[in-house]
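Observations on the three-dimensional arrangement
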Amino acid sequence: MAKVIKSGIVTWGLFIVIWWILSLFQSEVLLPGPLETLKGAKELILNGKLLTFALISLRRVFLGWIIGLAIGIPLGLIIGRISFIRSLFEPFINFFRFVPGLALITLFLMWFGVGETSKIVLIAYGTVFVVIVNIISGILALDKDRINSARVLGVSEFQILLTVIWPSVIPYAFTGARLGLGGAFTSIVAAEMLSSKEGIGYLIFTARMYFHTDWIITGVIALGILGYLSDKLLRLLGNNCLAKYGVREKKAF
């Protein structure tokens, strides 16, 4: 019984039952039930839109996420390692990490146009700061005796960064990557709603104009599934490739 509960089957079963009960007291336009939503999902699957839009959104998410990691990891190492640079940039980082990408999307559209670039930049923005903050936290938590011991042995600062600091902060960087992936999925919805003719966000936005609430819910569910599977794959890769650095499967999530 405990295994069944942990698997999530009971939780999702209760959710569907509650959803169905609530739908009985609302019109189908406002809250379609599970069966009505399933019919809408079937329609989107048969006409190919759901799969096509899901793949387009996934491509944008992973491209922006990878760019965010490519920028955030080296910046986090430099800012976290050099105290002067950290003091210089910490106010900037702490300011912008609280500014959501949605607040900047109009500027991004003006600067980068309505094409793919603005969407990718928005997703990268949603990733980069959380990665930087996590890596800085990892460096600050590092035992200073390890660094001092390396210096005594004559190891250069660059070698210390690569052989002492980086292996120690990999679990922090991995956590930042996971959180950044969540930020990337959040950002893609905003980007596609305002400046796209394809993608799950576009599907959700346009469905409301035709009162296709079943399509909206289908899009939301599709995003949740894509995000869950992406995070699951990332955790699997982390557990298999980064276990020696202290990256382990956490049962809580």
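The structure presented is a predicted model; accordingly, all values stated were derived computationally and were not measured.

1. Some points on the nonpolar core
- Trp65, Leu77, Ile135, Ile165, Phe185 and Ile200 are the most contacted members of the largest nonpolar core, which has 41 residues in total.
- Secondary structure elements with two or more residues in this core: α4 (49–81), α7 (116–140), α8 (144–152), α9 (157–194), α10 (200–209) and α11 (213–241).
- At 14 residues, the largest contribution of residues to this core is made by α9.
- Grouped together as the second largest cluster of nonpolar side chains are 12 residues, Ile79, Ile93, Leu104 and Ile136 included.

2. Remarks on a nonpolar patch on the surface
- On the surface, Ile78, Ile82, Phe84, Leu88, Phe89 and Phe92 cluster together to form a nonpolar patch covering roughly 600 Å² of accessible area.
- Looking at which element gives the most residues to the nonpolar patch, the answer is helix α5 (residues 83–96), with 4 residues.
- As for its placement among the helices and strands, Ile82 is situated in the loop between α4 and α5.

3. A word on unusual backbone geometry
- Positive phi is not limited to glycine here, since Phe211 has a value of about 55°.
- Positionally, Phe211 belongs in the loop between α10 and α11.
- Assessed through its relative accessible area of 60%, Phe211 is described here as exposed.

4. Quick notes on the side chain of Glu192
- Of note, Glu192 is situated in helix α9.
- A polar side-chain atom of Glu192 sits 2.9 Å from a polar atom in the side chain of Ser57.
- Setting aside anything within four residues of it in sequence, one finds Glu192 in contact with Ser57, Arg60, Glu198, Gly199, Ile200, Gly201 and Tyr202.

5. Overview of the environment of Ile221
- Take Ile221: it is sitting in helix α11.
- Remark: the alpha-carbon pair of Ile221 and Gly113, spanning 108 residues in sequence, is separated by 29 Å.

Each value, and the rule that gives it
- Residues numbered from 1 in each chain as written.
- Predicted model: local features only at pLDDT ≥ 70, side-chain atom pairs only at ≥ 80, totals over all residues.
- Heavy atoms only, no water.
- Core = buried A, V, L, I, M, F, W, Y, C linked by side-chain atoms within 4.5 Å.
- Buried < 20%, exposed > 50% of the residue type's maximum accessible area, 1.4 Å probe, protein only.
- Helix = DSSP H or I, 4+ residues; strand = E, 2+ residues; numbered from the N terminus.
- Patch = residues over 30% accessible without salt bridge, like charges linked within 9 Å, V, L, I, M, F, W, Y side chains within 5 Å.
- Areas by Shrake-Rupley, 256 points an atom, 1.4 Å probe, with all protein chains shown as cover.
- Salt bridge = Lys/Arg side-chain N within 4 Å of Asp/Glu carboxyl O.
- Polar contact = N/O pair within 3.5 Å; in protein donor to acceptor, adjacent residues only side chain to side chain.
- Contact = heavy atoms within 4.5 Å.

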